[in-house]
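So you can see what is in the structure, the chains are spelled out below.
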Amino acid sequence: MAVCVAVIAKENYPLYIRSVPTENELKFHYMVHTSLDVVDEKISAMGKALVDQRELYLGLLYPTEDYKVYPHTWQWLRVWGFPAVAGLCTVMPCLGLSQSPRIKSVFPNQLCSYGYVTNSKVKFVMVVDSSNTALRDNEIRSMFRKLHNSYTDVMCNPFYNPGDRIQSRAFDGMVTSMMIQVC
Amino acid sequence: MADEALFLLLHNEMVSGVYKSAEQGEVYVPGFLFHKEHHDLQENGRCITKLENMGFRVGQGLIERFTKDTARFKDELDIMKFICKDFWTTVFKKQIDNLRTNHQGIYVLQDNKFRLLTQMSAGKQYLEHASKYLAFTCGLIRGGLSNLGIKSIVTAEVSSMPACKFQVMIQKL
């Protein structure tokens, strides 16, 4: 399940960006932005034969470690004597669970971003949370396929001008089905 | 069975529709013949531009759909070959007969039996009207190339129907 989905035009501005509503959505925007550098690097590695440059799917761009706070693991860390780590975490930005004194634990949250570039130089970047379920490569590929199909439909819509932000409800619905359901 | 005729007939109506609406919109003062001829030329240019822009938008959408499953293109020549083979086959049910290039950004696509002109004449008759029927296709090529990241200018010329040549000039930015 994706945490953030972005469609970037060939001039590198976002046509569509949507993330799971958390307090720090800007972090996802930054992540997508930095992924663009990796995408450019992969595309320009022509002739180096490391990447199969005939394929549209680019694969894992890069993983990051991110700290998300869960209250119940505090007890565990205290028992194992990780006071330094616990101390460090009071400084880390908490995601929406700030006021309670129990929130001083750390639990690394692996976010991975995947890329896909179409022949028309439109890039799709997807950020997934891989700490919950290990998403297989095939599943990511099929998610990108669905994205590409919906994007093609948007392109053929006469009311859409290429280069505008994507406002199609059908596209929104498809992306919602791919994202984590946060209640 | 009638699929090929569908687009052909629609295209013919489109051209006549654009010209008819231009005619209805025009206002000219009778008696000033010189101005009317000048006006007609301007109208012709405007209609051709309108048709070309229509083709441009259609080309953008079409290319997105056609390149959905193809592999990434290696270079410009690869893209031109795609246009000549797959794109032309899907739209006109035949390939471009001849592709020439000077390797410096100019490509000439020659079609000896252009589908949209076959029903019109088999020689020099109606030659002056041929440009109207080529504008949409020029736009189609330009739109397709633009979506693939290539800015270009596409013009067409006809010396003897139904053969025609499309000249693509790539703009290096």
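Residues numbered from 1 in each chain as written. Chains lettered and ligands numbered in written order. Predicted model: local features only at pLDDT ≥ 70, side-chain atom pairs only at ≥ 80, totals over all residues. Heavy atoms only, no water.

Chain B goes by Trafficking protein particle complex subunit 6B in an unreviewed UniProt entry, where it is assigned to Tursiops truncatus. Entered under Function (unreviewed entry) in the UniProt record, the comment concerning chain B runs "Component of a transport protein particle (TRAPP) complex that may function in specific stages of inter-organelle traffic. Specifically involved in the early development of neural circuitry, likely by controlling the frequency and amplitude of intracellular calcium transients implicated in the regulation of neuron differentiation and survival." Under the UniProt heading Subunit (unreviewed entry), the entry covering chain B gives this text: "Homodimer. Part of a TRAPP complex. Heterodimer with TRAPPC3. The heterodimer TRAPPC6B-TRAPPC3 interacts with TRAPPC1 likely providing a core for TRAPP complex formation." (UniProt positions renumbered as here; feature names shortened; annotations may be inferred.)

As annotated in an unreviewed UniProt entry, chain A is Trafficking protein particle complex subunit 2-like protein from Tursiops truncatus. Recorded under Subcellular location (unreviewed entry), the UniProt text for chain A is reproduced unchanged: "Cytoplasm, Perinuclear region".

K.L.:
Can you walk me through the packing of aromatic side chains in this structure?
P.N.:
Here a ring pair, both rings aromatic, is described through the centre-centre distance and the interplanar angle of the planes. Residue and element names in this part refer to chain B. With the rule as written, the count across this model stands at 12 aromatic pairs over all chains. Between Phe-7 and Phe-92, the aromatic rings sit 6.4 Å apart at their centres with planes inclined by 50 degrees, giving tilted as the arrangement. Of the two residues, Phe-7 is situated in helix H1 (residues 3–25) and Phe-92 in helix H3 (residues 76–92); the sequence distance between them amounts to 85 residues. Relative accessible area serves as the criterion here: at 25%, Phe-7 is assigned to the partly exposed category. (Phe/Tyr/Trp six-rings, centres within 6.5 Å; stacked < 30°, edge-to-face > 60°. Helix = DSSP H or I, 4+ residues; strand = E, 2+ residues; numbered from the N terminus. Buried < 20%, exposed > 50% of the residue type's maximum accessible area, 1.4 Å probe, protein only.)

K.L.:
Before we go on, may I ask you to explain the confidence of the model for chain B in this structure?
P.N.:
The predicted structure's coordinates, where accompanied by low pLDDT, should not be read in detail. On average, residues of chain B score 85 in pLDDT, and 92% of them are at 70 or above. At the level of chain-chain contacts, confidence expressed as ipTM amounts to 0.81, with global pTM at 0.76. (pLDDT = per-residue confidence, 0-100.)

K.L.:
When you look at the sheet that holds strand E3 (residues 152–160) of chain B in this model, what are you seeing that I'm missing?
P.N.:
Residue and element names in this part refer to chain B. Taking strand neighbours across the sheet as the criterion, the four strands line up as E1-E2-E4-E3 in an open arrangement whose pairing is antiparallel. Strands at the two margins of the open sheet, each flanked by one partner only, are strand E1 (98–101) and E3. Going from strand to strand, the sheet's axes swing by 20 degrees on average, the running direction of each strand aside. Bridge count between E1 and strand E2 (residues 106–111): four bridges; the pairing is antiparallel. Bridge pairing links Asn-98 to Gln-110 in E2. On the sheet, H3 packs against E1, E2 and strand E4 (163–170) and is oriented at approximately 15 degrees with respect to E2. (Pairing = 2+ DSSP bridges. Axes fitted to C-alpha atoms, helices over the stretch in contact; angles between N-to-C directions. Contact = heavy atoms within 4.5 Å.)

K.L.:
Explain the environment of Asn-12 of chain B to me, please; I cannot follow it from the model alone.
P.N.:
The topology assignment puts Asn-12 of chain B in helix H1. The sequence separation of Asn-12 of chain B and Tyr-133 of chain B amounts to 121 residues, and the corresponding C-alpha distance is 7.6 Å.

K.L.:
Just checking my understanding: could you explain H1 of chain B for this structure?
P.N.:
Quick reminder: α-helices carry 3.6 residues per turn. Residues three or four places apart thus point the same way. Here H1 of chain B spans 34 Å end to end across 23 residues, near enough to the 33 Å set by a 1.5 Å rise per residue. For H1 of chain B, every residue scored as buried is listed here: Leu-8, His-11, Val-15, Val-18, Tyr-19 and Ala-22 of chain B. (Expected span 1.5 Å × (residues − 1).)

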